[in-house]
Amino acid sequence: MAWNVGFRKVVIESDSSSVVTVLTRSGATVRENQLISRIRTWLDRSWSVFVQHTLREANTCADWLANFIIDHGNQDDRLVWGEPPPGLIPLLNANMASVGRPRVLGCNS
């Protein structure tokens, strides 16, 4: 979608360090699945794409959207909104105000 609207410098953030590693390592593997292969094809276009790891707590808007799709939509459909869904607005406002979200770490006793 970013390509289709003319963006040529893009930052992709993922809270999965494994996904970041797979997407940023050079060369394809024999066992590379179809989704990774399609993503690599997009990444190889004539644009500047930076893939980086981020903590889920630092990416609350993307986390909210992913959960929204799982709960309310068909994951195979592309959804485009003219404005943010109502539940996302408080997170966007907090993001714009640079309000942090604490990271909860579990303890093994």
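Just above sits the structure.
Small disclaimer: the values here were computed from a predicted structure and weren't measured.

**Q** Explanation requested: the environment of His53 in the structure shown.
**A** Along the polypeptide, His53 turns up in strand β2 (residues 48-53). Considering only alpha carbons, one finds His53 and Ser18, 35 residues apart in sequence, at a separation of 9.1 Å. Excluding anything up to four places from it in sequence, His53 contacts Ser14, Asp15, Ser16, Ser17 and Val20. Of note is the side chain of His53, whose polar atom sits 3.5 Å from the backbone oxygen of Asp15.

**Q** Help me out: how do you make sense of helix α2 (residues 34-43) in this one?
**A** Residue pairs spaced three or four apart in an α-helix point in one direction, given the helix's 3.6 residues per turn. Among the residues of α2, Ile36, Arg40 and Leu43 are the ones counted as buried. Looking straight down α2, one finds its buried side chains confined to an arc of 60 degrees; they lie on one side. Opposite the buried face of α2, at more than 90 degrees from it, the exposed residues are Gln34, Leu35, Arg38 and Thr41. The inward-facing, buried residues of α2 abut β1 (9-14), α1 (17-24) and β2. For α2, the side-chain oxygen to backbone nitrogen distance between the N-cap and Leu35 is 3.0 Å, and the N-cap itself is Asn33.

**Q** Would you mind showing me how to read the environment of Glu57 here?
**A** Following the sequence through the fold, Glu57 ends up in the loop between β2 and α3 (60-72). Using a relative accessible area of 22% as the deciding quantity, one classes Glu57 as partly exposed. Measuring from C-alpha to C-alpha, the distance between Glu57 and Asp15 comes to 8.8 Å, with 42 residues separating the pair along the chain.

Definitions and limits used
Residues numbered from 1 in each chain as written. Predicted model: local features only at pLDDT ≥ 70, side-chain atom pairs only at ≥ 80, totals over all residues. Heavy atoms only, no water. Helix = DSSP H or I, 4+ residues; strand = E, 2+ residues; numbered from the N terminus. Contact = heavy atoms within 4.5 Å. Polar contact = N/O pair within 3.5 Å; in protein donor to acceptor, adjacent residues only side chain to side chain. Buried < 20%, exposed > 50% of the residue type's maximum accessible area, 1.4 Å probe, protein only. Arc of directions from axis to C-beta.

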